[in-house]
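# Chain and residue survey
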Amino acid sequence: MKEDVVYLDSAATSRPYEDVLSAYLEVASRHYGNSSSLHLLGYDAARLLREAREKILSSLGVAKTHEAVFTSGATESNNLFLFSIARRYRNRGKKLITSRGEHPSVLNVFKALEKEGFEVVYLPLTEKGSADLGALRAAMDRDVILVSLMGVNNETGAITDLREVSSIVKAYPKCFFHSDLTQAVGKIDVPYPLVDAFSFSGHKIGALKGSGALVYRKNIAFPSLEEGGEQEGGHRPGTVDVAGDYALSLALQRSIREGKENVQKVALLREKALSYLQRRSDEFAINSPLDGSPYLLSFSLLRKKAAVYVEGLSEEGIAVSSVSACSSKRENVSYVIEAMGLGKERAAHSVRLAFSPFNTEKDIDRFIAVSDELLGRLVNQR
């Protein structure tokens, strides 16, 4: 791999922090006991796991109200909560609400629940890319038992007003409010105490792949989707990865502690890239809302194929995405851009830049220079 790669795909996975990696190795090599074992090494591992859980809940400001289950990431967390809640509380009602812009790990769960007899309302997206909360208000009734709306869209960075969602859902006491906060945790302000349950992944915030959590309100009871032991409060059987979970807690602490500083930094990078794309309106159309997450910027090519453009950038050592990494092997059309009403052509040729605190202005300068050179070389293709 080239040593001077410009990495602008941190929404797919982020570069881990060096101190987090060091902590992982320390725990994995010196505190390797099974946290369920009844001996000194097991007690030691259990202590670190307890500390990790406490760090996460306190960092999020929900230590008194919520509990946390460690998982392999947001996909597992979403599946665990959504399937479990829908099936356990179906006697209350069989109506579920989500949006057309959710991550596949949410959308595909709701599609599966439809096959089990649930009624699912898929809210449209506004022209800015967030869930239409007017449509949410209109869809709510006493049969709704679960609403799941993401905090930040993983393609466009569109932000959904979770305070307003909570206010709407609260009028229906039998309904649970879940949010996929994978692109929000540690990156924007989130009213965590107002959300009944939320999911996030460690590898988006400087921790390791294979780590994540489901954080849920303490009074919510739900079963495991698997059979096995009683680990993680009986919600997730199997030997716990103490090192990975401890590293996750450190990465979360750091991302929240440095959140304001990081936002200021990436906002400048996004603005520089945005200004370039706007200057080249002959070649690009902006998909992201201007007031979206500073970590994400989506645009579409108007006269070139996104796949060719992305490959051309890659050959010059610049890594960007054409669609969400969770969808890229299946299709090249962004269902999020389509749901925003921007048309199939823009959806088929969308590109995403995802910034991180590791990026610099020089990275953006290089992206701009290579992009201009590449556009000059590519033959117009539609």
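Residues numbered from 1 in each chain as written. Predicted model: local features only at pLDDT ≥ 70, side-chain atom pairs only at ≥ 80, totals over all residues. Heavy atoms only, no water.

In terms of helices and strands, the protein chain carries twelve helices and twelve strands. For 382 residues, the compact-globule estimate of 2.2 N^0.38 gives 21 Å, and the protein chain sits close to it at 21 Å. Each principal axis of the C-alpha distribution contributes one length, and for the protein chain these read about 65 × 50 × 35 Å. Going through the 382 residues of the protein chain one by one, you find that 55% of them count as buried. For the protein chain, the exposed surface amounts to about 16,500 Å²; the carbon and sulfur share of it is 50%. (Helix = DSSP H or I, 4+ residues; strand = E, 2+ residues; numbered from the N terminus. Rg over C-alpha atoms; globule rule 2.2 N^0.38 Å. Buried < 20%, exposed > 50% of the residue type's maximum accessible area, 1.4 Å probe, protein only. Areas by Shrake-Rupley, 256 points an atom, 1.4 Å probe, with all protein chains shown as cover.)

This part is about the packing of aromatic side chains. Under the defined criterion, the tally for this structure stands at ten aromatic pairs. Plain terms: the ring middles of Phe284 and Phe299 are 5.2 Å apart, the flat faces sit at 85° to each other, and that makes the pair edge-to-face. In this pair, Phe284 is assigned in strand β9 (residues 284–286) and Phe299 in strand β10 (residues 296–301), connecting sequence segments 15 residues apart. Take Phe299: its relative accessible area is 0%, and that puts it in the buried class. Among the aromatic residues, those joined into a ring-pair cluster are Tyr276, Phe284, Phe299, Tyr309 and Phe367. (Phe/Tyr/Trp six-rings, centres within 6.5 Å; stacked < 30°, edge-to-face > 60°.)

With respect to topology, three strands assemble into an open sheet ordered β9-β10-β12, the strand pairing being antiparallel. Of all strands in the sheet, those with a lone pairing partner are β9 and β12 (350–354), marking the two edges. Going across the sheet, the axis of each strand differs from the next one's by a mean of 30°, ignoring polarity. Both β10 and β12 contribute to a ladder of five bridges, which runs antiparallel. Its bridge partner lying in β12, Phe299 is registered against Val351. Contacts from helix α9 (residues 306–315) reach β9, β10 and β12 within the one sheet, and its direction differs from that of β12 by about 35°. (Pairing = 2+ DSSP bridges. Axes fitted to C-alpha atoms, helices over the stretch in contact; angles between N-to-C directions. Contact = heavy atoms within 4.5 Å.)

Okay, the sheet that holds strand β2 (residues 66–71) next. Taken together, seven strands build an open sheet; the order of strands is β2-β8-β7-β6-β5-β3-β4 and the sheet is mixed. Strand pairing shows two members of the sheet lacking a second neighbour, β2 and β4 (119–123), which therefore form its edges. Taking the axes of each pair of neighbouring strands and ignoring which way they run, one obtains an average angle of 15° across the sheet. The pairing of strand β3 (residues 95–99) with β4 spans five bridges and is parallel. Looking at the pairing, Lys95 lines up with Glu119 of β4. Contacts between helix α4 (residues 104–115) and the sheet are confined to β3, β4, β5 (144–148) and β6 (176–180), with β3 contributing the most and set at about 150° to the helix.

As a further point, take the packing of helix α3 (residues 74–88) against α4. One can describe the packing of α3 onto α4 by two numbers: an axis separation of 9 Å at closest approach and a directional angle of 25°. Classed by the angle they form, the pair α3 and α4 counts as roughly parallel. α3 and α4 meet at a crossing whose hand is right-handed. Side by side, α3 and α4 meet where Thr75, Asn78, Asn79, Leu82, Phe83 and Ala86 of the first sit next to Ser105, Val106, Val109, Phe110, Ala112 and Leu113 of the second. Across the contact of α3 with α4, the residue classes break down as eight nonpolar, four polar and no charged. (Parallel < 35°, antiparallel > 145°, perpendicular 65-115°, else oblique. Left-handed = near helix turned anticlockwise from the far one by under 90°. Nonpolar A, V, L, I, M, F, W, Y, C, P; charged D, E, K, R; others polar.)

Per the stated rule, a full pass over the model turns up 21 salt bridges. Asp9 is paired through a salt bridge with Arg352; the nearest N and O atoms lie 3.2 Å apart. Residue Asp9 is found in the loop between β1 (6–7) and α1 (18–30), and its partner Arg352 is found in strand β12; the two are separated by 343 residues along the sequence. Residue Asp9 shares its accessibility class with Arg352, and that shared class is buried. Of the charged contacts, one joins Arg254 and Glu258 as a salt bridge, the two residues approaching to 3.2 Å between their closest N and O atoms. Within the structure, one salt-bridge network assembled from shared partners comprises Arg280, Asp282, Glu283, Arg303, Lys304 and Asp372. (Salt bridge = Lys/Arg side-chain N within 4 Å of Asp/Glu carboxyl O.)

Let us now look at the nonpolar core. Counting 55 residues, the largest nonpolar core has Leu60, Leu136, Val147 and Phe200 as its most contacted members. Tallying contributions element by element places helix α7 (residues 242–257) first for this core, with seven residues. Formed by 31 residues, the second largest nonpolar core is a distinct cluster that contains Leu82, Ile85, Tyr89 and Tyr335. (Core = buried A, V, L, I, M, F, W, Y, C linked by side-chain atoms within 4.5 Å.)

Next up on the list: the pairing of β10. Most of β10 sits inside the fold, with six of its six residues counted as buried. Neither face of β10 is exposed, since Leu296, Ser298 and Ser300 on one face and Leu297, Phe299 and Leu301 on the opposite face are all buried. Across three bridges, β9 lies against β10 in antiparallel orientation. Looking at β10, one finds that Ala285 is bridged to Ser300.

All right, on to the pairing of β6 then. Of all the five residues making up β6, five are buried; the element is thus mostly covered by neighbouring parts of the structure. Two strands pair when backbone bridges link them, and β5 and β6 are joined in this way by three bridges, in the parallel orientation. Looking at the pairing, Leu146 lines up with Phe176 of β6. At this point the chain moves from β5, through helix α6 (residues 162–170), to the parallel β6, and the crossover so formed is right-handed. With three bridges connecting them, β6 and strand β7 (residues 197–201) associate as parallel partners. Within the sheet, the bridge partner assigned to Asp180 lies in β7 and is Ser199. (Right-handed = clockwise from strand over helix to strand, strands pointing away.)

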